[in-house]
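Coordinate analysis (summary)
Chain by chain, the residues:
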Amino acid sequence: MDKKIDKIKKYIKYFHIKTSDDLNSFRGKLLGKKKGIITILFKELKDISIYKRKNYGIIINELKKEVQKKIFHYKSKNNIQNEKILKYDPTIPGKSIELGSIHPLSIMKNRIIDIFLKIGFTYVDGPEIEDDWHNFTALNIPIYHPSRDMQDTFFLYKNPDILLRTHTSSIQIRYMKKYSPPFRVLSIGKVYRNETISSHSNFMFHQAEGFYIDKKVSFSDLKQTVHYLITSLFGKAKIRFRPSYFPFTEPSAEVDISYNNKWLEIMGCGMIDPEVLKNVNIDPEIYYGFAFGLGIERLTLMIYHMKDIRIYFDNDIRFLKQFKYEF
Ligand code: PHE
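Residues numbered from 1 in each chain as written. Predicted model: local features only at pLDDT ≥ 70, side-chain atom pairs only at ≥ 80, totals over all residues. Heavy atoms only, no water.

**Examining the sheet that holds strand 4 (residues 162–164)**
- Strand order in the open sheet formed by three strands is 2-4-3, and the pairing between neighbours is antiparallel. At either end of the open sheet lies a strand with only one pairing partner, and these are strand 2 (129–131) and strand 3 (155–157). The sheet shows a mean angle of 35° between the axes of neighbouring strands, direction not considered.
- Of the pairings in the sheet, the one linking strand 3 to strand 4 comprises two bridges and is antiparallel in character. The residue bridging Phe155 from the neighbouring strand is Leu163, located in strand 4. (Pairing = 2+ DSSP bridges. Helix = DSSP H or I, 4+ residues; strand = E, 2+ residues; numbered from the N terminus. Axes fitted to C-alpha atoms, helices over the stretch in contact; angles between N-to-C directions.)

Structure (structure tokens):
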């Protein structure tokens, strides 16, 4: 074996490439796909005892590099480009690059942001991985509340509890802790629940969260803001407020919209509970606030007259390309 390698080394060293024919035969003889000497050596590696194999592998690789170096040297001296480039045919029509389109949920997100920026809201983002305090405790969700059950929440760690946020209300806490009122804030993002309001997509959906805190904020401000959002999106629409319960708002309500002669629930809302304000060091004797949270998927279904929430995540380009964002 060693003798053979020495012979090949010498052959490589003393071979003189003068023409491109020389180049081809040199390359063919050593690196040819079937009969190249080095190619065959590589194939024979598997028959060599395992102790020697690694060493021989290195030696053969070096031979191969020597050959390539020599070829490269000849090519660059003679200004020969790579064959692949030589085969390039400029008359072939180019490949067109497909332009993407904006996902309907992103379009909806942008529309809602536009609507709220017009009335002085600030847009913020928050983390999808949350801790217990921001997602539950600070929002006045007691230990025994069903939304803390393992069934509803995706926990990443236990003790201390780290989880995928189950709602965007955790953003209220993050923002209120950091800034002092008055403020108007909007945030939109993914939330994760084991069972969602929709039976179609059962682990994640998008939520928009809005909240407004100032000295004189009342339920009628909340109603008007919700009305403004819905009419901006749908034009004329019938909505109703239905009394409800959330641990972090008091009073609380759910908003339904009349769609195809049925009432469909689209959001939860209410006046921020004084306990929540206390948790973030805002004096509830001075400040009042409202908050709302709405699901984006369902709203988008209604606006585009779609039937099935799964269609958002099928990634069918024919479906996705139909949507345009009007600025
Ligand atoms: N966080 C609530 C939910 O996900 C919605 C909500 C937000 C309700 C803000 C009231 C105020 O169901």
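Next comes the rest of the write-up.
**With respect to the confidence of the model for the protein**
- For the protein, mean pLDDT is 90; residues scoring 70 or higher make up 93% of the total.
- Strand 1 (residues 122–123) holds the highest mean pLDDT among the elements of the protein, 98, whereas helix 5 (residues 83–86) holds the lowest, 58. (pLDDT = per-residue confidence, 0-100.)

**Considering the site of the ligand**
- Residues in close proximity to the ligand total 14 residues, the closest being His167, Ser169, Arg193, Gln207 and Gly293.
- Here Gln207 contributes a side-chain N or O atom positioned 2.9 Å from an oxygen atom of the ligand.
- Against a free-state accessible area of 320 Å², the protein chains account for coverage of 91% of the ligand.
- Among the elements of the structure, helix 8 (169–178), strand 6 (204–214), strand 9 (262–272) and strand 10 (288–295) are those that each provide at least two residues to the shell around the ligand.
- Looking at which element gives the most residues to the shell around the ligand, the answer is strand 10, with three residues. (Near = heavy atom within 4 Å. Polar contact = N/O pair within 3.5 Å; in protein donor to acceptor, adjacent residues only side chain to side chain. Areas by Shrake-Rupley, 256 points an atom, 1.4 Å probe, with all protein chains shown as cover.)

**A short note on the pattern of salt bridges**
- Throughout the structure, instances matching the rule amount to nine salt bridges.
- In this structure, the salt-bridge partner of Glu130 is Arg174, at a minimum N-O distance of 2.8 Å. Of this pair, Glu130 sits in strand 2 while Arg174 is found in helix 8, placing the two residues 44 residues apart along the sequence.
- Residue classification places Glu130 among the buried positions, given a relative accessible area of 2%.
- Overall, the relative accessible area of 32% leaves Arg174 in the partly exposed class.
- Among the charged side chains, a salt-bridge network with shared partners connects Arg240, Arg242, Glu254 and Asp256. (Salt bridge = Lys/Arg side-chain N within 4 Å of Asp/Glu carboxyl O. Buried < 20%, exposed > 50% of the residue type's maximum accessible area, 1.4 Å probe, protein only.)

**Observations concerning the packing of helix 2 (residues 20–31) against helix 4 (residues 50–77)**
- Remark: helix 2 packs on helix 4, axes separated minimally by 11 Å, with the N-to-C direction vectors making an angle of 170°. Put simply, helix 2 runs roughly antiparallel to helix 4. Both helix 2 and helix 4 take part in a crossing whose hand is left-handed. Here Ser20, Leu23, Phe26, Arg27, Leu30 and Leu31 of helix 2 lie close against helix 4, whose contacting residues are Lys64, Val67, Gln68, Lys70, Ile71, Tyr74 and Lys75.
- Grouping the constituent residues of the contact of helix 2 with helix 4 by class yields seven nonpolar, two polar and four charged. (Parallel < 35°, antiparallel > 145°, perpendicular 65-115°, else oblique. Left-handed = near helix turned anticlockwise from the far one by under 90°. Contact = heavy atoms within 4.5 Å. Nonpolar A, V, L, I, M, F, W, Y, C, P; charged D, E, K, R; others polar.)

**Topic: the pairing of strand 9**
- In the sheet, strand 8 (residues 249–259) pairs with strand 9 via nine bridges, with the strands oriented antiparallel. Considered in strand 9, the bridge of Ser258 is made with Trp263.
- Taken together, the five bridges between strand 9 and strand 10 define a ladder with antiparallel strand orientation. Bridged to Gly268 within strand 10 is Gly293.

**Side note on a nonpolar patch on the surface**
- A contiguous nonpolar surface patch, about 320 Å² in accessible area, is contributed by Ile129, Leu156 and Tyr157.
- Looking at where Ile129 falls in the secondary structure, it is placed in strand 2. (Patch = residues over 30% accessible without salt bridge, like charges linked within 9 Å, V, L, I, M, F, W, Y side chains within 5 Å.)

**A short note on the sheet that holds strand 6**
- Sheet architecture is open: seven strands sit in the order 1-5-6-10-9-8-7, paired in mixed fashion. Edge positions in the sheet fall to strand 1 and strand 7 (239–246), since each has one partner strand and no second.
- Inspection of the sheet shows strand 7 paired to strand 8 by seven bridges, in the antiparallel sense. Note on strand 8: the bridge partner recorded for Ile239 is Ile257.
- Contacts from helix 6 (residues 104–117) reach strand 1, strand 5 (183–192), strand 6 and strand 10 within the one sheet, and its direction differs from that of strand 5 by about 165°.
- Strands strand 7, strand 8, strand 9 and strand 10 of the sheet are contacted by helix 9 (residues 219–234), whose axis makes an angle of about 140° with strand 9.

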